[in-house]
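# A look at the structure
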Amino acid sequence: MELNKLFKAMVVAVPLLALGACSSTSQSETDTSSNIGNTAGSSTDVNNAGVQTGSAAQILTPEEQQRLKEQELRKEHIIYFDFDRSEVQPQFAEVIQAHGNYLIEHPNVKVLIEGHADERGTPEYNIALGERRAKAVAKYLQSMGVMPSQMTIVSYGEEKPLDLSRTNEGFAKNRRAVLVY
């Protein structure tokens, strides 16, 4: 019998607890709590009554970070050269490596490497210089493991300038190799 009384007391108490937990809030209390939540510059709204919502920042693995970095580097597809030179400069190593890794991972993808020169020099010399520049990039890629069958080389010499200004800056922009997929 004692157990029966205890059970009845619990049944009566549970609805009271539930009823006690469901209280209404006046509009002024909601506005006050909303304003209190907003004092720290947080983004809350009246419906959340001061409760902040959001998502946690996604944490990337080192492999994912490297993949995103290389994806960003591949957006750059121009390798610039010094005047009358065809050696790849160290500042372009990461860009070429990003393209090389992509080509290694995607053996069906082919790239055209265009060689260019500024207009100083004879047309014949500039064609040869553009070819040396394109070959320098291809050699770099091949040393990474890119298959020669994935690469095609063409030299335009001075025929396709990027900048027509005839200034030192314009000439510098025209001395380049371009990776075209």
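See the structure shown above.
Now for a quick tour of the structure.

Moving on: the pairing of strand 2 (residues 111–116). The two faces of a sheet get side chains in turn, since along a regular strand they alternate between them. By the criterion of burial, strand 2 is predominantly enclosed, with five of the six residues buried. Inspection of the sheet shows strand 2 paired to strand 3 (residues 151–157) by six bridges, in the parallel sense. Residue pairing across strands places Ile113 opposite Ile153, the latter belonging to strand 3. Pairing between strand 2 and strand 4 (residues 176–180): four bridges, direction antiparallel. For Ile113, the partnering residue across the bridge sits in strand 4 and is Leu179.

Along the chain, Glu114 turns up in strand 2. Side chain to side chain, Glu114 and His116 meet in a polar contact 3.2 Å long. Residues within four places of Glu114 in sequence aside, it is in contact with Ala134, Val154, Tyr156, Arg176, Ala177, Val178 and Val180.

This paragraph deals with the environment of Pro107. If you trace the backbone, Pro107 turns up in the loop between helix 4 (93–105) and strand 2. As a C-alpha pair, Pro107 and Ser149 span 42 residues in sequence and 9.3 Å in three-dimensional space.

Another point: the side chain of Ser155. Secondary-structure assignment places Ser155 in strand 3. Among the polar contacts listed, one links the side chain of Ser155 to the backbone oxygen of Ile127, at a separation of 2.6 Å. A polar side-chain atom of Ser155 sits 3.4 Å from the main-chain amide nitrogen of Gly157.

Of note in this structure, Asp84 is not a glycine but carries a positive phi near 60°. Within the secondary structure, Asp84 is located in the loop between strand 1 (78–80) and helix 4. Given the relative accessible area of 35%, Asp84 is considered partly exposed. A positive phi angle, near 60°, is found at Arg166, a position not held by glycine.

What follows deals with the sheet that holds strand 3. Overall, mixed pairing links the four strands, which are arranged 1-4-2-3 in an open sheet. The open sheet has two edge strands with one neighbour each: strand 1 and strand 3. Sheet twist, expressed as the average angle between the axes of neighbouring strands with direction ignored, equals 20°. Across the sheet, helix 5 (residues 123–144) touches strand 1, strand 2, strand 3 and strand 4, and the angle it forms with strand 3 is around 155°.

Conventions we followed
Residues numbered from 1 in each chain as written. Predicted model: local features only at pLDDT ≥ 70, side-chain atom pairs only at ≥ 80, totals over all residues. Heavy atoms only, no water. Buried < 20%, exposed > 50% of the residue type's maximum accessible area, 1.4 Å probe, protein only. Helix = DSSP H or I, 4+ residues; strand = E, 2+ residues; numbered from the N terminus. Pairing = 2+ DSSP bridges. Polar contact = N/O pair within 3.5 Å; in protein donor to acceptor, adjacent residues only side chain to side chain. Contact = heavy atoms within 4.5 Å. Axes fitted to C-alpha atoms, helices over the stretch in contact; angles between N-to-C directions.

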